[in-house]
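Here are the chains, one letter per residue:
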Amino acid sequence: MAHPPKHEMLDSKDVDYPEHDESPSEIAVALAAGAKGHTKSADVAMKLFENHDFNMQVDPVEQKQIVRKIDWFIIPLIAVNYVFFYIDKTTLSYAALYGIREDLNLSGGEYSWLSSIFYFGFISFAFPTNFLMQKFPLGKYLGFNIIVWGVFLMLQAACSSFATLAVMRFLSGAVEACADPAFMLITQMWYTRRQQPLRIGLWYLGE
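Calculation rules
Residues numbered from 1 in each chain as written. Predicted model: local features only at pLDDT ≥ 70, side-chain atom pairs only at ≥ 80, totals over all residues. Heavy atoms only, no water. Helix = DSSP H or I, 4+ residues; strand = E, 2+ residues; numbered from the N terminus. Expected span 1.5 Å × (residues − 1). Bend = angle between axes of the 7 residues up to and from the residue. Buried < 20%, exposed > 50% of the residue type's maximum accessible area, 1.4 Å probe, protein only. Contact = heavy atoms within 4.5 Å. Phe/Tyr/Trp six-rings, centres within 6.5 Å; stacked < 30°, edge-to-face > 60°. Lys NZ or Arg CZ within 6 Å of the ring centre and 35° of its normal.

1. Digging into unusual backbone geometry
Item 1. In this model, Asn105 sits at a positive phi of 55°, which is unusual for a non-glycine residue.
Item 2. Of note, Asn105 is situated in the loop between α5 (100-103) and α6 (108-124).

2. Description of helix α3 (residues 60-89)
Item 1. Along its 30 residues, α3 runs 42 Å from first to last C-alpha, staying within 8% of the 44 Å computed at 1.5 Å per residue.
Item 2. Remark: the principal bend of α3, roughly 30°, maps to Asp71.
Item 3. The complete set of buried residues in α3 reads Val67, Ile70, Asp71, Ile74, Ile75, Ile78, Ala79, Tyr82, Phe85 and Asp88.
Item 4. Check the buried side of α3 and you find it contacts α4 (91-97), α6, α8 (138-155), α9 (162-176), α10 (179-190) and α11 (196-204).

3. Points about the packing of aromatic side chains
Item 1. Considering all chains together, one arrives at 8 aromatic pairs under this definition.
Item 2. Aromatic side chains Phe118 and Tyr119 sit 5.2 Å apart centroid to centroid with 80° between the ring planes, which places their arrangement in the edge-to-face category.
Item 3. According to the relative accessible area criterion, Phe118 is buried, its value standing at 0%.
Item 4. Members of the aromatic cluster, connected to one another through ring pairs, are Tyr82, Phe85, Trp149, Phe183 and Trp203.
Item 5. One cation-aromatic arrangement involves Arg101 over Tyr111; the distance from NZ or CZ to the ring centre is 4.2 Å.

Written as structure tokens, this is what we have:
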């Protein structure tokens with residue numbers, strides 16, 4: 001009966017692995033390299049978890065302090081953006097009081113369409129924006145969309161016809177489509193499952 005080669009019969013404890021004292025950044029790089037199939041680098045990366053105690057008890061006082069700091073940083077930012085998004089949805093109502101119908105010669109039907117076309121842009125871009133959030137860093141992607149949304153909002157003041165204003169309203173809805181799912185993802189990233197409902201309710205109050 002043929003026996004397997006000697007090197008295949010070695011037990012893992014019989015193998016002499018070299019010692020490593022890599023920094024966390026080097027281990028992270030090794031982890032990325034290991035994902036591409038570099039077994040040796042992956043072994044180095046896994047040493048990060050060798051001495052980690054997953055049953056370690058967390059100090060409740062320290063935990064509350066950390067959560068409080070996160071609350072004061074994350075929740076206000078999301079809530080303020082949510083307030084501005086809500087104000088944007090009501091700008092046409094305010095503009096009607098200041099004569100936008102007369103300035104742009106809007107008929108009754110055109111004015112109603114300006115309110116609806118925002119949500120057409122929102123719905124049409126709902127799937128693409130959720131896909132892009134998985135391809136790009138969430139914070140940078142959300143920040144980019146908020147800045148572009150602000151630009152489109154300011155450009156509405158320069159519109160001189162129904163067509164140009166309708167385009168701006170459609171584009172505003174498209175870039176705002178990432179807001180709710182991005183805010184939900186951020187809340188899930190920073191809070192435990194028990195902490196999320198209260199925090200979602202807090203920033204949702206902005207609407």
